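Reading the structure
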Amino acid sequence: MPRFRAKPSSFIAPATVALVTALLIAIPFERSNGDTSGVISFLVSFLTFVAIYAIFTLGLNVQWGYSGVFNFGVLGFFMLGAYTAAIVTKEPASGSFTDYIGGFGGDLNLLPWLSSEQWLPHLVGLAAAAGVAGLVALLLSVTALRLRDDYLAIATIGVAEVLRRVVIEETWLVNGTRGLTGIPRPLGGLVGSTDYKYLLLAICGGFLVLTYFLIERAIRSPWGRVLMALREDEMATEASGKNVFAFKMQSFVMGAAIMGAGGAIYAYASSSLTPEVFTHFFATFLFWAMLILGGSGNNRGAIVGAYVLWGFWTITLQFQSYDLPDLLQTRMPYIRELVLGGLIVAVLLLRPAGLLPQRRQVSIWVERQLRRRPAAPAGSPTEGASSNR
Amino acid sequence: MILLFLIWAVIDRRDAVVIGVVEGSILALGAVGLTLVYGVLKFAHFAHGDSMMLSAYCAFLLLSGVVSGSRPGVDAEVLPITVSDLPGATTEVWKFSFGYGLLVAMALSALVTSGILVVLDRLVYRRLRQRKSGIVIFSIASLGLAIAIRSLVLMVWGPTPRKYTTTVRENIDLPFDITILADQLFILAAAITVTVLAYILLFRTKLGKAMRAMADNPELALISGIRTELVIALTWALAGGLVAVAGVLLALQAQLDPQLGFVLLLPLFAAAILGGVGNPQGAFFGGMIVGIVQAVVVTFDFLSPGYKFSVAFVILILILLIRPRGLFGARL
Amino acid sequence: MTGDGTAAILAVDNVTKSFGGLRAVDGCSLTVSEGSITGLIGPNGAGKTTLFNIVTGFLKPDSGRILFRDDRIDPLPPHQIFRQGVLRTFQIPRELKGMTVLENLMLVPPGQAGETVWNPWFFRSRVARQEEANFVKALEVLEFVELGHLRDEYAATLSGGQKKLLELARTLMCDARLILLDEPGAGVNRVLMKKLVADIERLRREIGITFFVIEHDMDLVAQLCDTVIVMSEGKTLAQGTLDEIKRDDRVLQAYLGGQYR
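This report concerns the structure included in the present document.

**Description of a nonpolar patch on the surface**
A surface patch of nonpolar side chains, about 540 Å² in accessible area, is lined by B:L3, B:L4, B:I7, B:V10 and B:I11. Residue position: B:I11 is located in helix α1 (residues 2-12).

See below:
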């Protein structure tokens, strides 16, 4: 079981990140013939989306990485969050060919100071997005979380598919395939449009950091310890007096709420939503691949996975602008998917712990206590040295 | 309740029921294979729908030798000799839109698909077994393979849907005022024949007994001298055969479409779980029920046809809520 | 039925459990008296482990009752039975492989403040105090079972015998009143076994924990148990001291005379 022998060669993760980073700089630099400002705005928009996608992988990590809750329906919570935030922040529908419910943007300008119309609706939208996604997860957990793990996966895929159909078919709800455009951007009126991308990166990055710390604090504690225990063995956790179902539900709902919030941030950042974007492939499986590659059970790994895989995605997109033979050129999108599918299998087989394996100690307090009392009895094996057993 | 619905549907929406039975028989074939894998290997095989799709394309290749060329919309022939080159293989038989070549291609595709699934088991799942990975890891791996299979098909045959033949399809009239395409009659007959063959294999042969024993209790099966790895390989082979027939029949009923695999996933799982995981007869009836309900529900005025495959999911959730072990109990 | 007249801590009353057509436990009744070390023996397939699973709430009986200190516990889920002070170990150790030995133990104390999401967010000093206390407790327990040197190892890397000790250690992390041990001796070497016997006796003597032990090793049963219950085909066959049991004809026929002679 290589997973426990882990002191895996520690250079692979930095090397991968370095390689992706180098390509991310070099290729646009070469394509734009050394135009630095073009490279910078390319990198800024790239990092913005990495930050957004990392929120989803973090949410998925709470569910799968730490608790073994098998959610194959990230798409569902993503859409719930994105559309909730959109209809909360937009103005009411008007004109022909637009039809959607809600539109509270104007009504939410409740505070008379600090240009609250620039951010208050967005905060409300964010909270509503997280709340709606969490609520759906709660309802779903009552029905499906007690069943076998793989039934939950099928049930969540199903919920995502039904939600996708509802968004497409029910045009009165969120404007169907015509999509929603003109979602107001947070603080959008404060900065000129050329510099807004930096502010957006700061907002998305800031929210990612906040999410990271909230999750990290919750996980590296007795709460996270119970989650990891039930990931390892539900029966043993039950025998240790823990209400396994309650903890599973907490982690499922929390992860879903994070995904909902991520959806809201996505809606704000892209400012328009169309159902074609929300495929199972993009909005569920890509995040799974990011998490598995980065290292499930490690929040930093989840972020690194998002960076590396979205980096790969973006780089291969750049390839298409080169003069490739037709045979390759027309097939680039599929080659990319093939690599992604193969990558999932390869990581599971060759490096199941991912780029960054999980930490040895769960609780931050245990780590501190151990630092204070490092003296294990003489002659005992220390970290990583027990592989011969 | 389901029975009442079916009776009402037969009286009120007969045409939809006929389509439902045809589609249901295809689903049933796929679901029997899925439930076999589920029963013997204990994991949810997310690449099942995509395997079906792959085998349908495989038959297409054998029949026509055609793949996408270097430019979109331009095809290239790669096979020096195809099934269609057999004398008279494309001459339409009776009122069907195809000749006996399709049967040959289907059989060959079944062999190829079986082989692919067995090889994938060797390369991927067996290693995970040896590492004693949890069932969820198997499912994720199968998802990775599903993505890979789909993108391979897209690479080789492109995103545009294809058909086996372009001949006009003939209707035939059956008693009780039923009109059906000749091809659909063939689909139904083929699906039932293959299911019966699978049934005989499972319940009348030693191999079937070994498979059922493994589904029941893998440790015990190992101790009692069953060569589990061999049985697993044969399970994949059998599932591959079922998958291939289902895939070809589906492409005959609808068309060849790379997106089919994923679309089918929910109905397939709904059918397998409805019938009780690991229960082939259950999966057969589960597939029929899902097929009929899907076809009938889309005739309702208040529901858009876009919801067709969501219906499977609603059935699934109801079953999970009321009888998580399925209508017919979980056994093999 | 309590041999020596002391109060019964656990009473199993006419419990039945079937799997498909097989009656694993078939109208079984028995009592375990407070402060005893009671052995549960019987041939393979007699329903011993099934009975343990029923007592600790992992299986619901088809019929019959389980009383712990005169309160019914059979309708309760496992974690609530745990809170009553009824703990168990597993025949095949179920250590949490991906966690360290230390945190395997620190999981166990019930009602930790840090098990609620918002406490680690907002009330960190309270969590910190508890974690320190549990840490110290876990170190003590590890010393007690002599696994202290392995505290930072992943539980997956322990040997079979060490895993058995870890199972026992887990039950010592909280105030247990009744501990059900499922074959504590299997896979444990002689030296460790001696220590195990001494440990169990010390826990009984010093803290007053009652033990209910499934065991196949008759030497261990002889050293450890003051009362022995024999199960066969899902029923209680006999109850008494090991010597009494050995003289019982039915037992000899069902068990000692069978596969173990």
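Picking up after the structure, the text goes on.
**Remarks on unusual backbone geometry**
In most cases, non-glycine residues show a negative phi, while peptide bonds are predominantly trans. Residue and element names in this part refer to chain C. Non-glycine residue E146 carries a positive phi angle of around 60 degrees. Following the sequence through the fold, E146 ends up in the loop between α5 (124-144) and α6 (160-171). On the accessibility criterion, E146 (52% relative accessible area) is exposed. A positive phi is found at E233, a non-glycine position, where the angle reads about 50 degrees.

**Here we look at the pairing of strand β8 (residues 210-214) of chain C**
Residues and elements named next belong to chain C. Summarising burial for β8: five of the five residues are buried, a large majority. Side chains T210, F212 and I214 of β8 all project onto a buried face; the interleaved residues F211 and V213 project onto the opposite face, where all are buried too. In this structure, strand β3 (residues 37-41) lies alongside β8, joined through four bridges in parallel fashion. The partner of G39 across the bridge, within β8, is V213. Where strand β7 (residues 178-182) and β8 come together, five bridges link them in parallel fashion. Within β8, the position partnered with D182 by the bridge is I214.

**Quick notes on the packing of helix α2 (residues 14-41) of chain B against helix α11 (residues 280-297) of chain B**
Residues and elements named next belong to chain B. The interhelical angle for the contact between α2 and α11, taken along N-to-C directions, is 145 degrees, at an axis separation of 6 Å. The hand of the α2/α11 crossing is right-handed. On the side of α2, the interface is formed by A16, V17, I19, G20, V21, G24, S25, L27, A28, A31, V32 and T35, while α11 contributes P280, A283, F284, G287, M288, V290, G291, I292, Q294, A295 and V296. Of the residues that constitute the contact of α2 with α11, the class distribution is 16 nonpolar, seven polar and no charged.

**Re the packing of aromatic side chains**
All told, the structure shown has 40 aromatic pairs over all chains when counted by the stated rule. Between A:F78 and A:F287 the ring centres are 6.1 Å apart and the planes differ by 45 degrees, which places this aromatic pair in the tilted class. Placement of A:F78 in helix α3 (residues 74-89) and of A:F287 in helix α11 (residues 280-294) is noted, with a sequence separation of 209 residues between them. Neither A:F78 nor A:F287 differs from the other in exposure class; each is buried. The aromatic ring of C:F90 is capped on one face by C:R94, whose charged end is 5.3 Å from the ring centroid.

Cut-offs applied
Residues numbered from 1 in each chain as written. Chains lettered and ligands numbered in written order. Predicted model: local features only at pLDDT ≥ 70, side-chain atom pairs only at ≥ 80, totals over all residues. Heavy atoms only, no water. Patch = residues over 30% accessible without salt bridge, like charges linked within 9 Å, V, L, I, M, F, W, Y side chains within 5 Å. Areas by Shrake-Rupley, 256 points an atom, 1.4 Å probe, with all protein chains shown as cover. Salt bridge = Lys/Arg side-chain N within 4 Å of Asp/Glu carboxyl O. Helix = DSSP H or I, 4+ residues; strand = E, 2+ residues; numbered from the N terminus. Buried < 20%, exposed > 50% of the residue type's maximum accessible area, 1.4 Å probe, protein only. Pairing = 2+ DSSP bridges. Axes fitted to C-alpha atoms, helices over the stretch in contact; angles between N-to-C directions. Left-handed = near helix turned anticlockwise from the far one by under 90°. Contact = heavy atoms within 4.5 Å. Nonpolar A, V, L, I, M, F, W, Y, C, P; charged D, E, K, R; others polar. Phe/Tyr/Trp six-rings, centres within 6.5 Å; stacked < 30°, edge-to-face > 60°. Lys NZ or Arg CZ within 6 Å of the ring centre and 35° of its normal.

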